[in-house]
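Here are the chains, one letter per residue:
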Amino acid sequence: MVERNAKGTEAGVARGGTARRTFIGGVTAAAAASALGGTAGAAAASPRTGPAGRGDGRRGAAGRTVAVLGGGVAGLTAAHELAERGYRVTVYERKDALGGKARSMDVPGSARGGRRPLPGEHGFRFIPGIYHNLPDTLRRIPFPGNRNGCHDNLVSPGEMLIARTGKEGIRLPFANPGTPPPVLTPDELRRALTALLDTFTGVPPREIAYFAGRLLVWFTSCERRRHTEWERTPWWEFTRAARMSPDYQRLLCIGLTRNIVATKAEVASAKTVATCAEAFVFNLLGRGADGPPDRLLNAPTNEAWIDPWVSYLRSLGVEFRTGWEVRDLRLSGGRITEAVLAENGGQGARQTVTADHFVSALPVEHARTTWNAEVRAADPRLARCDALRTDWMTGIQFYLTEPTPVIHGHINHIDSPWSITSVAQAQFWAGRDVRRDYGDGTVADCLSCDVSEWDKPGILYGRTAKQCTREEVAREVWAQLKASLNDTGRTVLRDSALHSWFLDPAVRLGGPGSDASNDEQLLIHPVGTWGNRPEARTAIPNFFLAGDYVATDIDLATMEGANASARAAVNALLDADGSAAGRCAITPLYRAPELEAAKWRDEVRLRLGLPNAFDLG
């Protein structure tokens, strides 16, 4: 691969680099997040196939170069798969660190006495059992002392809490209530759904039965109805929330959308929400899962995953150039011939990069700015991405001088105006003593929070988060946490224990009257937007797309979606190259075989203009 300056002379890019979010809000929750990556393929090295499995692919790819534009989960996944198949890969990342929204980051100025800086992050990690592609990648990243690589760094909390303001919270153990049905007939499925909801929520029994019936409609809907009727139907309307109790609305409608995937129940696609709800139900029923419904890492993300991943990729010959932002793509003869990059956030010196293939692994809001008129003319479908929408779902961490294991798992502060979710992390960091290893020696825990609602007034200042300063956001979030945890006679969070806080630096706030901005937003899923999601293969034969906005089976902005899309991009590249290397395995979400007959009957009903057989209004 050759990098050239703006005048066309060869030049080296001077900078080398190293180094969620999602959350379950109830039994039928959807997962979202910030993006992780992984890969798998018959020809790729793994604990099962070994390095010899790469042989044919490496010979076929000898000397072929790939520029991966973006060093988040999608970009690292693509680099992983390509390098294991013998391609010469260089990853270009606009920030000074790799890992994208999945990375952890040092809190500036927080280290004392030889300790590491306090770990901050865009949002906490959440890797549920419904993921298959990402866990496969984790298994293939070597980690000292771990038989299954970074995958052995996953730990299961075993429970979660729905924290109510002014009410007792709902504690949810991740254990099957009773014996899961061996055969999921529609009747057995209805019973199982009702049992799960009755166990895990405080919604009136009549409404529980109704919600279970709505889920049964989804479970038995054919694919065409899902992609047409339910894609055009808001989750609020699909669940008939307007006619139900406030608890039904809050727990089963709003809590599954705003608190989890940063989109409003009134506009979120029923297809998107129900797709992940279905996967979680199967997970809880012991069907088609990689592991338990909730997992996180046993150390800060970079320590447990990103740094080992980057080290492994370097050992495969992958090169990294951080601090270089893609500014333009140049087309000639129907192919991308050069990428123009600029240093220092796009403000510094420019370089041009040539390669045989280009994989755009940037978030959609950044990727589409690099597609000039000529590129868009070469593939008019790219213009649809302009209609995709993003919103704010951003993390803040509170560092505490005493352990605060509110619960051994995640917390959904479901009544909080700013739709907050949180987890006390130190309890899961086996082998880490926070006082000994991080900060100034006084911090004992990290309460990591995601804030999903930035446009509603808070309880302290009466202003939206976007209208606050960074300091006011911290005080407001802390107040909302206390309101949901200190409201039943027990003081869980004490002001005296608050050491400091860290808000994602991608967020820029100036208070009332100032423009607020967020450089790392989250793709959201309003009705009718599935058709605007692109495929990994473009009409430009050497240009491929990877990212959580690319159409994948999980249909949600997640690390798993970023992983699966990168696998699809690599497969398309291998096809374009006529490579003999094994293709990346892409594992879809689980589908219960017992329900296929019901879906087939629903296909017939749809063709006749009839509703789903279980859709009783």
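Reading guide: rules and limits
Sequence order as written defines the numbering, with residues in each chain counted from 1. With pLDDT at 70 or above as the cut-off, local features in this predicted model cover only qualifying residues; side-chain atom pairs require 80 or more to be listed or tallied, and sums for whole chains, interfaces and linings still use all residues. Remark: hydrogens and water are excluded; side-chain values derive from all non-hydrogen atoms of the structure. Going along the chain from the N terminus, every DSSP run of H or I of four or more residues is numbered as a helix, and every run of E of two or more is numbered as a strand. Every helix has an expected span of 1.5 Å times one less than the residues it contains. In this scheme, a residue with accessible area under 20% of its type's maximum is buried, one over 50% is exposed, and one in between is partly exposed, where area comes from a 1.4 Å probe on protein chains only. Note: the arc covers the axis-to-C-beta directions of the helix. Throughout, a residue-residue contact means that at least one pair of heavy atoms, one from each residue, lies within 4.5 Å. Only strands that DSSP links by at least two bridges are regarded as paired with each other. Distance and chemistry together define a polar contact, namely a pair of N or O atoms within 3.5 Å, with one atom able to donate a hydrogen and the other to accept it when in protein, and with adjacent residues in sequence counting only for side-chain atoms on both sides.

### Some remarks on helix α18 (residues 596-607)
Next, step 1: With 12 residues, α18 should cover 16 Å at 1.5 Å per step; its first-to-last C-alpha distance of 17 Å lies within 8% of that length.
Next, step 2: By the burial criterion, the buried members of α18 are A598, K599, D602, E603 and L606. Buried residues of α18, viewed axially, fall in a sector of 150°; they line one side. In α18, the exposed positions that point more than 90 degrees away from the buried face belong to W600 and R607.
Next, step 3: On the buried face of α18, the contacting elements are α5 (205-219) and α6 (223-230).

### A closer look at the pairing of strand β19 (residues 445-451)
Next, step 1: Taking burial as the measure, the seven residues of β19 include seven buried ones, the bulk of the element.
Next, step 2: A two-sided burial pattern is seen for β19, the buried positions comprising D445, L447, C449 and V451 on one face and C446, S448 and D450 on the other.
Next, step 3: Pairing of strand β16 (residues 394-400) with β19 involves seven bridges; the strand directions are antiparallel. Residue pairing in the sheet places Y399 in a bridge with C446 of β19.
Next, step 4: Where strand β18 (residues 420-424) lies against β19, five bridges are found, and the strand directions are antiparallel.

### Here we look at the side chain of Q249
Next, step 1: Turning to its location among the elements, Q249 is positioned in helix α8 (residues 246-254).
Next, step 2: Residue classification places Q249 among the buried positions, given a relative accessible area of 19%.
Next, step 3: Of note is the side chain of Q249, whose polar atom sits 2.9 Å from the backbone oxygen of A241.

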